[in-house]
Amino acid sequence: QTSAPSPAPSFSNYLPTYFPTPNPSADSSTSPVLTYKPGELTVSENGLILSTGLKSRIIATSGEKVKFTNGGKSDERFHDYPDGAAVFSKENIDGWVYVSNSEDSENGGVGAIYFDGNGDVIDYKMILKGTRRNCGGGKTPWDTWLTCEEAPGGHVFEINPWNPHNEHDSCKTHVGHEVGDYYEAAAYDNRDPYRPQFFVTTDTSAGAIVKFTPNPDKVSEALASNDFSSVLHAPGNHSYLVLKNLSGNNGTFAWSESLTDGRISAYEHFPYSEGIDVRDGILYFTTKKYKRLFILDLDAGTYIESSTESGAFNNQPDQIARIIGPGNDDILYFCEDGGADCGVHGRNSDGKYFTILEGLDYETETTGLAFSPNNKHMYVSFQSDPGQIFDITREDGLPFDGARLDIKYHQME
């Protein structure tokens, strides 16, 4: 990512993650038998109802020590109220780590479940402590985790998922504005690695959408040295989303350096903003009060909006095709905000809606959706009563095809 100002590869959980389409051998005797039928809910286990061809296991439960595949247990108990999450891999390490926020109001922070190359659990530890209500977050282009405090005077912290002891003060970034706020989730646009931009949602009635542009000198130094540890910890430029020229469900927008203007626009048009994602210059974010999905073209300065009450991207197959590619059977996966049938849902490029799984025994929020690097493990958390992390796999052993977007479908009241 450091050699030229061309789009850098992204492995962000809060960006769509692309999965390879299985290409079975032409020899039918060696071709796998495809058993996964998304939307055909027939499998009931572990309090879930799953699509045909899926199976589940619970890998962590709040308040309990995490069990390792070798029979051991973690020293620490799994954190309460698991929320936003991501998966990280590292060169020369055979395995990966699932990083999970804790939205506990007093003892938040970030926990990490470590896996070997077979997907077996080998360790768990809290890698950030001393924060409150860590809600959503997002990856950076250099594979660190941004965790957002949804609390009075909250901040955005950057942590290394492979470091077991991230210090609270040194992890605090300048991504949010100085006074702090109820930050929800983060995403970035790194098409120009010399001018990355970071975006943060704020979950209040007048919560501005924040855009942070790092100091260009710090970015240039980081690209030259391949050390990005100071990029988000030095002052940069803050601006705030302002919608303009509204006409029906579309309009134009601008970025204002006035926090007041940003808050007024949020109050009038997108209060309580939540999940946010960016892909190829298109920014997606959702709001929970009016249950809307906003899609911003960052280059054109235009946007469209739609309801999320009947599933994200309802009647917008072109947007699905933009993310996962037209004319294939891949699925865009996203979570549901909560309710009696909370779960994981998806749409294909034709706009068809699928329920992948539901938590019949849960009435809470589904979140923390992420996939292993080989795309054979889907991780999702049910946040409370109790908080649990599930590992979902396909019985046919094939990877999940498609992408994920960190937005949430809102159940109708």
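The structure displayed is predicted, hence computed values, not measured ones.

What am I meant to see in the confidence of the model for the protein chain here?
Detailed reading of predicted coordinates is not advised where the pLDDT is low. Averaged over all residues, the pLDDT of the protein chain is 85; the fraction at 70 or higher stands at 84%. Scored below 50 in pLDDT, residues 1-29 shows 89 contacts in the model against residues more than four places distant or in partner chains.

Is there a simple way to think about the sheet that holds strand β26 (residues 378-382) in this case?
Think of a sheet as strands paired side by side through backbone hydrogen bonds, with each pair either parallel or antiparallel. If you trace the 4 strands from one edge of the open sheet to the other, you get β3-β27-β26-β25, paired in antiparallel fashion. The outermost strands of the open sheet, each flanked by one partner alone, are β3 (54-61) and β25 (366-371). Averaged over all pairs of adjacent strands, the angle between strand axes in this sheet comes to 25°, irrespective of strand direction. Sheet topology places β25 next to β26; 4 bridges connect them, and they run antiparallel. Residue pairing for β26: threonine 366 is matched across the bridge by phenylalanine 382.

Honestly, the nonpolar core in this entry has me stumped. Any pointers?
Generally speaking, a soluble globular protein has its nonpolar side chains buried in company with each other. Counting 22 residues, the largest nonpolar core has Tyr333, Ile356, Leu369, Met378, Phe382, Ile392 and Phe400 as the members making the most contacts within it. Those residues in contact with isoleucine 392 that sit more than four places away from it in its chain are Leu48, Leu50, Leu54, Lys55, Ser56, Leu357, Lys376, His377, Met378 and Phe400. Of all hydrophobic cores here, the second largest spans 21 residues; its members include Trp142, Val200, Leu232 and Tyr240.

So what exactly am I meant to see when it comes to the packing of aromatic side chains here?
Within a pair of aromatic rings, the relevant descriptors are the distance that separates the centres and the angle that separates the planes. Evaluated as defined, the whole model comprises 20 aromatic pairs. With centroids separated by 5.5 Å and ring planes inclined at 80°, the aromatic side chains of phenylalanine 382 and phenylalanine 390 adopt a geometry described as edge-to-face. The same class applies to phenylalanine 382 as to phenylalanine 390, namely buried. The ring of phenylalanine 88 has lysine 139 lying over it, and the distance from NZ or CZ to the ring centre is 4.2 Å.

I tried to follow the pairing of strand β1 (residues 37-45) on my own but got confused; where do I start?
Successive residues of a regular strand alternate their side chains across the two faces of the sheet. As judged from the 5 bridges shared by β1 and strand β2 (residues 48-52), these two strands associate in the antiparallel manner. Bridge pairing in β2 places leucine 41 opposite serine 51. A loop of 2 residues connects β1 with β2, the two strands running antiparallel in sequence, and asparagine 46 in this loop sits at a positive phi of about 55°.

Can you help me understand unusual backbone geometry in this one?
For residues that are not glycine, phi is negative in most cases, and the peptide bond is trans in most cases. Proline 386 follows aspartate 385 through a cis peptide bond whose omega is -15°. Inspection of the secondary structure puts proline 386 in the loop between β26 and β27 (388-394). Positive phi, close to 45°, is recorded for arginine 133, a residue that is not glycine. Inspection of the secondary structure puts arginine 133 in the loop between β9 (121-128) and β10 (134-139). A positive phi is found at asparagine 245, a non-glycine position, where the angle reads about 50°.

What should I look at first to understand helix α3 (residues 259-269) in this one?
Those residues of α3 lying buried are Leu259, Gly262, Ser265 and Ala266. The arc enclosing the buried residues of α3, seen along the axis, measures out at 125°, which places them on a common side. In α3, the exposed positions that point more than 90 degrees away from the buried face belong to Thr260 and Tyr267. Taken together, the buried residues of α3 touch β16 (237-247).

What exactly am I supposed to notice about the environment of serine 230 here?
On the secondary structure map, serine 230 appears in the loop between α2 (216-225) and β16. For serine 230 and lysine 218, which are 12 residues apart along the polypeptide, the C-alpha to C-alpha distance reads 7.1 Å.

When you look at empty space enclosed by the protein in this model, what are you seeing that I'm missing?
Empty space among the atoms can be located by rolling a probe the size of a water molecule over them. The full count for this structure, using the stated rule, is 3 cavities of 30 Å³ or more. When its volume is computed, the second largest cavity comes out at roughly 60 Å³. Together, 10 residues line the second largest cavity, and Trp142, Asn190, Pro193, Leu223 and Phe228 are the ones closest to its centre. Within the lining of the second largest cavity, the residues separate by chemical class into 8 nonpolar, 2 polar and no charged.

I'm lost on the side chain of glutamine 197 in this one. Help?
Summarising the element assignment, glutamine 197 is placed in strand β14 (residues 197-202). Setting aside its immediate chain neighbours within four residues, glutamine 197 contacts Ala187, Tyr188, Asp189, Lys211, Phe212 and Thr213.

Whenever I open this one, the environment of glutamate 363 confuses me. Can you help?
For glutamate 363, the position within the fold is in the loop between β24 (353-358) and β25. Residue classification places glutamate 363 among the exposed positions, given a relative accessible area of 64%. Taking the C-alpha atoms as reference points, glutamate 363 and glutamine 383, separated by 20 residues in sequence, lie 9.2 Å from one another.

Looking at this structure, how should I read the sheet that holds strand β12 (residues 156-159)?
Pairing is antiparallel in the open sheet, where 3 strands are placed in the order β10-β11-β12. Sheet topology places β10 and β12 at the edges, where each strand pairs with a single neighbour. Between one strand axis and the next, the sheet turns by 25° as a mean value, whatever way the strands run. Taken together, the 4 bridges between β10 and strand β11 (residues 145-149) define a ladder with antiparallel strand orientation.

Parameters and conventions
Residues numbered from 1 in each chain as written. Predicted model: local features only at pLDDT ≥ 70, side-chain atom pairs only at ≥ 80, totals over all residues. Heavy atoms only, no water. pLDDT = per-residue confidence, 0-100. Contact = heavy atoms within 4.5 Å. Pairing = 2+ DSSP bridges. Helix = DSSP H or I, 4+ residues; strand = E, 2+ residues; numbered from the N terminus. Axes fitted to C-alpha atoms, helices over the stretch in contact; angles between N-to-C directions. Core = buried A, V, L, I, M, F, W, Y, C linked by side-chain atoms within 4.5 Å. Buried < 20%, exposed > 50% of the residue type's maximum accessible area, 1.4 Å probe, protein only. Phe/Tyr/Trp six-rings, centres within 6.5 Å; stacked < 30°, edge-to-face > 60°. Lys NZ or Arg CZ within 6 Å of the ring centre and 35° of its normal. Arc of directions from axis to C-beta. 1 Å grid on protein atoms, 1.4 Å probe; cavity = no way out; pocket = protein on both sides within 12 Å on 5 of 7 lines; lining within 4 Å. Points joined across faces, edges and corners; volume = space filled by probe spheres on them. Nonpolar A, V, L, I, M, F, W, Y, C, P; charged D, E, K, R; others polar.

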